[in-house]
Number of protein chains: 2
Amino acid sequence: MRKNFSRKRQTIYAALCSTRSHPSAEMIYTALKPENPDLSLATVYRNLRDFCADGTAVSLGVINGHERFDADTSPHSHFVCRGCGRVYDIEEAYPQQRMQELGERYAYSFETCEIVFTGMCQECLGGENKIQH
Amino acid sequence: MRKNFSRKRQTIYAALCSTRSHPSAEMIYTALKPENPDLSLATVYRNLRDFCADGTAVSLGVINGHERFDADTSPHSHFVCRGCGRVYDIEEAYPQQRMQELGERYAYSFETCEIVFTGMCQECLGGENKIQH
DNA sequence: TATAAAAATGATAATTTTTATTATTTTTAT
DNA sequence: ATAAAAATAATAAAAATTATCATTTTTATA
């Protein structure tokens, strides 16, 4: 794991670790701002980028217009609900062996694989599809 | 397939069909502009969005800051080269049966699945890693 | 074919997300 | 304690996409 230097960086990393909501920069900023009035949005963006650059966290890419992040770097997939917009973990990753086969078939070097499912989550299937960002 | 109403829409759709580069709106605009000087970038954006809305095309999501599109709506995956940025087709989709199993396990309604691999393509592995957007 | 209504477009302004800049503050090393 | 290095806050700037609206094109119909 990364050496967390500054106080702010630790706070941001802790916030990312504390949730499974795969937050965006703004979601983290909004969550932390009340207790950290001297936090800047740019600092959140910068640290999230740094986390991804050194492998401390991963980016799920842009989902509904916002880049989403995950402190869980273990191999797993994601589900985006088109009802509420939430991003859920799916405990299944692309089979490593099959990726190796693809590498041979295409003569590319396959490094990462990100699987994103979409659909409706249990809650939204239930009834009231309250939009939530 | 969609009824292509206007001349411009047909031109944009033909351009999207003519390539396997999974172009962005700007790539299509740049390709068409010389022979269609009266084409507007906004029209390209609007039509691509319409194509995705009615299933004529699919969006691959934002890749390196640009939303990329594909006229091939059949189930397959994609490979993004981190050397040149090109997006390649991978002729393999997520097994339908496994998606059904996931649906039962999570009690979500799984509708779509997009798999994006990253790595280095054959050409970039070869030697000169000329950046290409 | 002529023509009126509807739809689509071009040009550009506006919006939105993310990044860059820079003076200041915090942290680290001594 | 203090100087150098690193990180931050505030905000300007950049970049991609969407909205607006007057004009043009297309469609439907007489």
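These lines cover the structure that appears in this document, whether it is placed above or below. Treat the numbers as computed from the prediction; the structure is a model and nothing was measured.

The next subject is the nonpolar core. With 32 residues, the main nonpolar core has Phe79, Phe110 and Phe117 of chain A together with Phe79, Phe110 and Phe117 of chain B as its most contacted residues. Counting residues per element, the ones that place at least two in this core are strand S3 (77-81), strand S4 (87-90), helix H4 (96-106) and strand S5 (109-120) of chain A together with strand S3 (77-81), strand S4 (87-90), helix H4 (96-106) and strand S5 (109-120) of chain B. Not counting residues within four places of it along the chain, the set of residues in contact with Phe110 of chain B comprises Phe79, Ile90, Phe117 and Thr118 of chain A together with Met99, Leu102 and Gly103 of chain B.

Okay, the packing of aromatic side chains next. How two aromatic rings sit relative to each other is given by the distance of their centres and the angle of their planes. The full count for this structure, using the stated rule, is 18 aromatic pairs over all chains. Seen from their ring centres, Tyr88 of chain A and Tyr108 of chain B are 5.1 Å apart, and the 50° between their planes marks the pair as tilted. Of this pair, Tyr88 of chain A sits in strand S4 while Tyr108 of chain B is found in the loop between H4 and S5, placing the two residues in two different chains. According to the relative accessible area criterion, Tyr108 of chain B is buried, its value standing at 13%. Between Tyr106 of chain B and Tyr108 of chain B, the ring centres sit 5.6 Å apart and the planes meet at 35°, which makes this aromatic pair tilted. Clustering of aromatic rings is evident, with ring pairs tying together Phe79, Tyr88 and Phe117 of chain A together with Tyr94, Tyr106, Tyr108 and Phe110 of chain B.

Time to look at the side chain of Arg68 of chain A. Residues and elements named next belong to chain A. As for its position among the elements, Arg68 is in strand S2 (residues 66-70). Asp70 is the oppositely charged side chain nearest to the buried, salt-bridge-free Arg68, at an N-O distance of 9.7 Å. Polar side-chain contacts of Arg68 include one of 2.4 Å to the backbone oxygen of His22. Apart from residues lying up to four places away in sequence, Arg68 is in contact with Ser21, His22, Pro23, Ser24, Met27, Val58, Ser59, Leu60, Gly61, Ile63, Gly85 and Val87.

On to the pattern of salt bridges, then. Where charged atoms of side chains with opposite charge meet at close range, the side chains can pair. Residue and element names in this part refer to chain A. For the structure on display, the rule yields 10 salt bridges over all chains. For Lys8, the salt bridge goes to Asp38, with nearest N and O atoms at 3.5 Å. With Lys8 in helix H1 (residues 7-17) and Asp38 in the loop between helix H2 (25-32) and helix H3 (41-53), this residue pair connects regions lying 30 residues apart in the sequence. Classification of Lys8 as partly exposed rests on a relative accessible area of 27%. Here Asp50 and Arg9 are joined by a salt bridge, their closest N and O atoms 3.8 Å apart. With Asp50 in helix H3 and Arg9 in helix H1, the pair connects residues that are 41 residues apart, well separated along the chain.

Reading guide: rules and limits
- The numbers attached to residues start from 1 for each chain and follow its sequence in the written order.
- Going through the entries in the order they are written, you letter the chains from A and number the ligands from 1.
- Since the coordinates come from a predicted model, pLDDT governs what is reported: local features require at least 70, and pairs of side-chain atoms require 80 or more to be given and counted, while whole-chain, interface and lining totals use all residues.
- Only hydrogens and water are set aside; all other atoms, that is, all heavy atoms of the structure, feed into the side-chain values.
- To define a nonpolar core, start from buried Ala, Val, Leu, Ile, Met, Phe, Trp, Tyr and Cys residues and group those joined through side-chain atoms within 4.5 Å.
- Think of it in three bands: with a 1.4 Å probe and only protein chains considered, a residue is buried below 20% of the maximum accessible area for its type, exposed above 50%, and partly exposed in between.
- Elements are defined by DSSP. Helices are runs of H or I of four residues or more, strands are runs of E of two residues or more, and each kind is numbered from the N terminus.
- We call two residues in contact when some of their heavy atoms are within 4.5 Å.
- For this analysis, a ring pair means two rings from Phe, Tyr or Trp (six-membered ring only for Trp) whose centres lie within 6.5 Å, classed as stacked if their planes differ by under 30 degrees, edge-to-face if by over 60, and tilted for the remaining angles.
- Charge counting follows a simple rule: Lys and Arg are positive, Asp and Glu are negative, and His as well as the terminal groups are ignored.
- In what follows, salt bridge is the name for a side-chain nitrogen of Lys or Arg lying within 4 Å of a carboxyl oxygen of Asp or Glu.
- Pairs of N or O atoms are called polar contacts if they sit within 3.5 Å, as long as, within protein, a hydrogen donor faces a hydrogen acceptor (for residues adjacent in sequence, only side-chain-to-side-chain pairs).

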